[in-house]
Amino acid sequence: MARGDSVMVVDNFFTGRKVNVMHHFGDSMFELIRHDVVEGLLLEVDQIYHLASPASPVHYQHNPVKTIISFLGWMDPIDN
């Protein structure tokens, strides 16, 4: 955003928290979409950064199926 790029964050908050991005809420270059990528989402974007796979053993051991599905869900936009 500092370079003038628009940033769109897609997060289902499975392990994250909205408070982590709230400082961007007043910025017109920032958009937050609460959504699980497993459900599919059609967006027109130039780049995708996948930063949302549970990395903590506490989280992925609690729900290993959700962890692998979340990881695979980000590939859908790439394939389409």
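Rules used in this analysis
The numbering scheme is per chain: residues are counted from 1 as the chain's sequence reads. Note on the predicted model: pLDDT of at least 70 is required for a residue's local features to be given, and 80 or more for side-chain atom pairs to be given and counted; whole-chain, interface and lining totals, by contrast, use all residues. In computing side-chain properties, one takes all heavy atoms of the structure into account and sets aside hydrogens as well as water. Going along the chain from the N terminus, every DSSP run of H or I of four or more residues is numbered as a helix, and every run of E of two or more is numbered as a strand. Remark: exposure states derive from per-residue accessible area (1.4 Å probe, protein chains only) relative to the maximum for the residue type, with buried under 20%, exposed over 50%, and partly exposed in between. In this description, contact between two residues means that some pair of their heavy atoms is separated by no more than 4.5 Å. Each patch is built from residues that are more than 30% exposed by relative accessible area and take part in no salt bridge. Like charges join if they lie within 9 Å; nonpolar side chains (Val, Leu, Ile, Met, Phe, Trp, Tyr) join within 5 Å. Areas reported here follow the Shrake-Rupley algorithm with a probe of radius 1.4 Å; residue values treat only the protein chains shown as occluding. Salt bridges, as used here, are contacts in which a Lys or Arg side-chain nitrogen is within 4 Å of a carboxyl oxygen on Asp or Glu. In this tally, Lys and Arg are treated as positive and Asp and Glu as negative; His is ignored, and so are the chain termini. Pairing of N or O atoms within 3.5 Å defines a polar contact, subject to two protein rules: one partner must be a possible hydrogen donor and the other a possible acceptor, and residues neighboring in sequence count only if both atoms are side-chain atoms. Known as pLDDT, the predictor's per-residue confidence is scaled from 0 to 100.

## Re the overall build of the chain
Across its full length, the chain carries three helices and two strands. When the helices and strands of the chain are listed from N to C terminus, the series reads β-β-α-α-α. Within the chain, the proportion of its 80 residues that are buried is 14%. Look at the contacts in the chain between residues 6 or more apart in sequence, and 51% of them connect residues 24 or more apart.

## Quick notes on a nonpolar patch on the surface
Together, Met8, Leu41, Leu43, Val45 and Ile48 line one region of the surface with nonpolar side chains, adding up to about 360 Å² of accessible area. Topologically, valine 45 is positioned in the loop between strand S2 (30-34) and helix H1 (57-62). For valine 45, a relative accessible area of 38% corresponds to the partly exposed category.

## Remarks on the side chain of aspartate 11
Following the sequence through the fold, aspartate 11 ends up in strand S1 (residues 7-11). For aspartate 11, which is buried and forms no salt bridge, the nearest opposite charge comes from arginine 34, at a distance of 7.5 Å. A polar contact is formed between the side chain of aspartate 11 and the backbone nitrogen of phenylalanine 13, at a distance of 2.7 Å. Among residues more than four places away in sequence, those in contact with aspartate 11 are Ile33, Arg34 and His35.

## Topic: the environment of phenylalanine 30
You can see phenylalanine 30 is positioned in strand S2. Judged by its relative accessible area of 11%, phenylalanine 30 is buried. Taking the C-alpha atoms as reference, phenylalanine 30 lies 7.7 Å from methionine 1; in sequence the two are 29 residues apart. Apart from the residues within four sequence positions on either side, phenylalanine 30 is in contact with Met1, Val7, Val9, Val21, His24 and Phe25.

## What about the confidence of the model for the chain?
Considering every residue of the chain, the mean pLDDT works out to 79; 64% of them sit at 70 or more. Across the chain, S2 holds the top mean pLDDT of 95, while helix H3 (residues 75-79) sits lowest at 55.

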